[in-house]
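Spelled out from the first residue to the last, the chains are:
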Amino acid sequence: MALVKAGVLVLDCAEPEKLAVFYKELLEGEESDATANRVEIKSADGFRIALRRDVNATPPSWPRPENSLQAHLEFVVDDLDAVERRVISLGGRPLEAKDASGPLEERGYADPAGHSFTLRRTAPTAPKQG
């Protein structure tokens with residue numbers, strides 16, 4: 001018998017209801033649980049993310065070091081341009097504008113509450129340098 005039944009990534013934010021809309025649309029998921037201070041989203045492939053109310057939440061400032069990376073999500077996608085358009089239409093914003101073409105093509109974004117995430121065309125094959 002497994003000791004852990006399920007895993008859920010939880011992000012703190014000031015307004016979980018608003019951030020849940022972003023992730024429901026991005027992940028094409030559905031709200032699987034909600035309370036006054038927490039909203040959980042489940043994607044079609046079973047990925048689970050929860051948004052928890054913290055009125056004192058401070059958005060991460062990645063890549064600036066003063067309030068550095070607190071959590072980082074990666075999503076594997078087939079069409080970076082299409083998903084980027086979707087992210088921006090939902091209120092996300094690009095974090096980097098560099099050309100990252102090649103087998104590890106990826107792009108960094110922040111959700112509407114400032115949490116960073118990466119859209120990656122393929123799975124990484126080498127450790128990130130730097």
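On a predicted model such as this, the values are computed, not experimentally measured, just so you know. (Residues numbered from 1 in each chain as written. Predicted model: local features only at pLDDT ≥ 70, side-chain atom pairs only at ≥ 80, totals over all residues. Heavy atoms only, no water.)

Peer 1: Can you break down the overall build of the chain residue by residue, with the values?
Peer 2: A tally of regular secondary structure across the chain gives 2 helices and 8 strands. Along the chain, from the amino end to the carboxyl end, the secondary structure elements read β-α-β-β-β-β-α-β-β-β. Classification of the 130 residues of the chain by burial places 31% in the buried group. For the chain, the exposed area adds up to about 8300 Å²; of that, 51% sits on carbon and sulfur atoms. (Helix = DSSP H or I, 4+ residues; strand = E, 2+ residues; numbered from the N terminus. Buried < 20%, exposed > 50% of the residue type's maximum accessible area, 1.4 Å probe, protein only. Areas by Shrake-Rupley, 256 points an atom, 1.4 Å probe, with all protein chains shown as cover.)

Peer 1: So what's going on with the confidence of the model for the chain? Which residues, and what values?
Peer 2: Per-residue confidence for the chain averages 82 on the pLDDT scale, and 74% of its residues sit at or above 70. Mean pLDDT across the elements of the chain ranges from a minimum in strand β5 (residues 72-76), with 81, to a maximum in helix α1 (residues 16-27), with 96. (pLDDT = per-residue confidence, 0-100.)

Peer 1: Lay out α1 in plain terms, naming residues and giving numbers.
Peer 2: Relative to the 16 Å expected for 12 residues at 1.5 Å per residue, α1 spans 16 Å between its end C-alpha atoms, a close match to the ideal helical length. For α1, the full list of buried residues reads P16, L19, A20, F22, Y23, L26 and L27. Down the axis of α1, the buried side of the element spans an arc of 160°, and every buried residue falls inside it. Along its buried surface, α1 packs onto β1 (9-13), β3 (38-42), β4 (48-53), β5, α2 (80-89) and β8 (116-120). (Expected span 1.5 Å × (residues − 1). Arc of directions from axis to C-beta. Contact = heavy atoms within 4.5 Å.)

Peer 1: So what's going on with the packing of aromatic side chains? Which residues, and what values?
Peer 2: Across all of its chains, the model carries 5 aromatic pairs by this definition. Ring geometry for Y109 versus F117: centroids 5.7 Å apart, planes at 25°, classification stacked. Each member of the aromatic cluster is reached from another via a ring pair, and the members are F22, Y23, F47, F75, Y109 and F117. (Phe/Tyr/Trp six-rings, centres within 6.5 Å; stacked < 30°, edge-to-face > 60°.)

Peer 1: So what's going on with the pairing of strand β2 (residues 30-34)? Which residues, and what values?
Peer 2: Every regular strand shows the same layout, with side chains that alternate between the two sheet faces. One ladder, built from 4 bridges, connects β2 with β3; its direction is antiparallel. Bridge pairing links D33 to E40 in β3. Joining the antiparallel neighbours β2 and β3 is a turn of 3 residues. (Pairing = 2+ DSSP bridges.)

Peer 1: Residues and numbers for the side chain of H115, please.
Peer 2: One can find H115 in the loop between β7 (106-110) and β8. Exposure remark for H115: the relative accessible area of 7% places this residue in the buried category. Side-chain polar atoms of H115 contact the backbone oxygen of D12, separated by 2.8 Å. (Polar contact = N/O pair within 3.5 Å; in protein donor to acceptor, adjacent residues only side chain to side chain.)

Peer 1: Account for the sheet that holds β8, with residues named and values stated.
Peer 2: Spatially, β5-β8-β7-β6 is the arrangement adopted by the 4 strands of the open sheet, whose pairing is mixed. Sheet topology places β5 and β6 (93-94) at the edges, where each strand pairs with a single neighbour. Where α1 meets the sheet, its contacts fall on β5 and β8, and the angle it forms with β5 comes to roughly 25°. In the packing of α2 onto the sheet, the strands contacted are β6, β7 and β8, and the crossing angle to β8 comes to about 155°. (Axes fitted to C-alpha atoms, helices over the stretch in contact; angles between N-to-C directions.)

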